[in-house]
Every structure is written in C-alpha cells, then in structure tokens.
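This is what each chain is made of:
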Amino acid sequence: HYQNMMISNLGAGVQACYRGPRLYDTDKTKLMVKNTVAWFKKHREVLEGDLIHLRRADARDLDYWLMVNPTGKEKGLLMVFNPLDNNITRKLRIPLYYTGLTKSAKIRLEDQKMQQNKLNSDGSIDLEITVAARKYSWFTFE
C-alpha cells in the first residue's frame, strides 16, 4: 500500500512531503522507499511535465494518466493503476499528440526493451496493457 501511494504521488508529478517519525520501519521498506525515489529521479524530467487525464479515476477499472514533456528526452510517461482484486487487460488509445511525437514513438514498458511503433493518423497509439491485481505499470515514450 505504501509503495502504491508513493508511486501514485510521484507518478503524477507530486513531490510530496512525507511526515512522521520515520519513512520506513524495516530494511525491506527502506529498500522500497529508496527504489521508488530512484525511479522518480530517473524519470523526473517527464514527471515534472504536464499531466493529461485520460480516464477519470473511479476505482472500477484501470485508472491512468499521461505525463508529458515535449522538450525532454522522454516525451511521455503513462501511469496505469489497477485498483481491483483481479488482473485486467485492456486495449487503450493513448493520445501521444501532446508529447510532440507525430509519426512514430519508441515505447518501453517499465524497464524492458524499447520498441519502435508507428502512431495513428491522429497522433495516438493503441496499447494492450495488462496490470496485475492492486498493482501498477508504466510506459515511457521517446
């Protein structure tokens, strides 16, 4: 739960101030905090860009948004959350028009291998996305 809260804040460009006697209580939690902050720092340029709401969060299906920075190396970062108790697979149309990408995009699911994809004529791309129950995923676009 703690990691999901951190990722949802940082993945929306919110640089939250976590208050309390400590950020972690075990070595496992300390590693999670360290890795989550490192993830934010790695993608900071795009995460501090503009937020494009793609679906109103209602906890009934995938919740997702697109962070964009047309002048950065990473032009977009799609955050996808699954609030349900079962895995979800959906085909989503993502409007990469806002990233400044026009004809094609290099797409990477989390830290996997990058793939070149052609964009639709309206500057969007159709992605089939699977997110495990109560988990999240992200895509970067260059």
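Quick look at the structure, then. (Residues numbered from 1 in each chain as written. Predicted model: local features only at pLDDT ≥ 70, side-chain atom pairs only at ≥ 80, totals over all residues. Heavy atoms only, no water.)

1. Side note on the packing of aromatic side chains
Working step 1: All told, the structure shown has five aromatic pairs when counted by the stated rule.
Working step 2: Relative to W138, the ring of W39 lies with its centre 5.4 Å away and its plane at 70°, an arrangement referred to as edge-to-face. With W39 in helix α2 (residues 27–42) and W138 in strand β8 (residues 136–141), this pair connects stretches of sequence that are 99 residues apart.
Working step 3: Residue classification places W138 among the buried positions, given a relative accessible area of 9%.
Working step 4: Seen from their ring centres, Y136 and W138 are 6.4 Å apart, and the 25° between their planes marks the pair as stacked.
Working step 5: Given the relative accessible area of 17%, Y136 is considered buried. (Phe/Tyr/Trp six-rings, centres within 6.5 Å; stacked < 30°, edge-to-face > 60°. Helix = DSSP H or I, 4+ residues; strand = E, 2+ residues; numbered from the N terminus. Buried < 20%, exposed > 50% of the residue type's maximum accessible area, 1.4 Å probe, protein only.)

2. Here's the deal with the sheet that holds strand β6 (residues 115–118)
Working step 1: Taking strand neighbours across the sheet as the criterion, the six strands line up as β1-β2-β3-β8-β5-β6 in an open arrangement whose pairing is antiparallel. Bordering the open sheet on either side are β1 (50–53) and β6, each of which pairs with just one other strand. Neighbour-to-neighbour, the strand axes of the sheet open up by a mean angle of 25°, direction not taken into account.
Working step 2: Examined bridge by bridge, strand β5 (residues 104–109) and β6 share four bridges and lie antiparallel to one another. Bridging across to β6, I107 finds its partner in Q115.
Working step 3: Sheet strands touched by helix α1 (residues 2–10): β2 (63–68), β3 (76–81) and β8. Its angle to β3, the strand with the most contacts, is close to 145°. (Pairing = 2+ DSSP bridges. Axes fitted to C-alpha atoms, helices over the stretch in contact; angles between N-to-C directions. Contact = heavy atoms within 4.5 Å.)

3. Describing the pattern of salt bridges
Working step 1: As enumerated under the stated definition, the model contains eight salt bridges in all.
Working step 2: Its salt-bridge partner being R55, residue D63 comes within 3.3 Å of it at the nearest N-O pair.
Working step 3: Looking at D63, the relative accessible area reads 11%, which means it is buried.
Working step 4: Taking relative accessible area as the criterion, R55 reaches 23% and is therefore assigned partly exposed.
Working step 5: In this structure, E142 engages K73 in a salt bridge whose closest nitrogen and oxygen atoms are separated by 3.3 Å. (Salt bridge = Lys/Arg side-chain N within 4 Å of Asp/Glu carboxyl O.)

4. Some thoughts on the side chain of E142
Working step 1: Tracing the chain through its elements places E142 in the segment after β8.
Working step 2: A relative accessible area of 19% means that E142 is categorised as buried.
Working step 3: Among the polar contacts listed, one links the side chain of E142 to the side chain of K73, at a separation of 3.3 Å.
Working step 4: With near-sequence residues (within four places) excluded, E142 lies in contact with K73, E74, K75, L101, A105, K106 and M114. (Polar contact = N/O pair within 3.5 Å; in protein donor to acceptor, adjacent residues only side chain to side chain.)

5. Examining the environment of V33
Working step 1: One can find V33 in helix α2.
Working step 2: Judged by relative accessible area, V33 falls into the buried class, the value being 8%.
Working step 3: Along the chain, V33 and Y2 lie 31 residues apart, while their C-alpha atoms are 8.9 Å from each other.
Working step 4: Those residues within four positions of V33 in sequence are excluded, and the remaining contacts are Y2, M6 and L23.

6. Some remarks on unusual backbone geometry
Working step 1: Of note, A59 is a non-glycine position whose phi angle comes to about 60°, a positive value.
Working step 2: Positionally, A59 belongs in the loop between β1 and β2.
Working step 3: Residue classification places A59 among the partly exposed residues on the basis of a relative accessible area of 46%.
Working step 4: The phi dihedral of R134 is positive, around 60°, even though this residue is not glycine.

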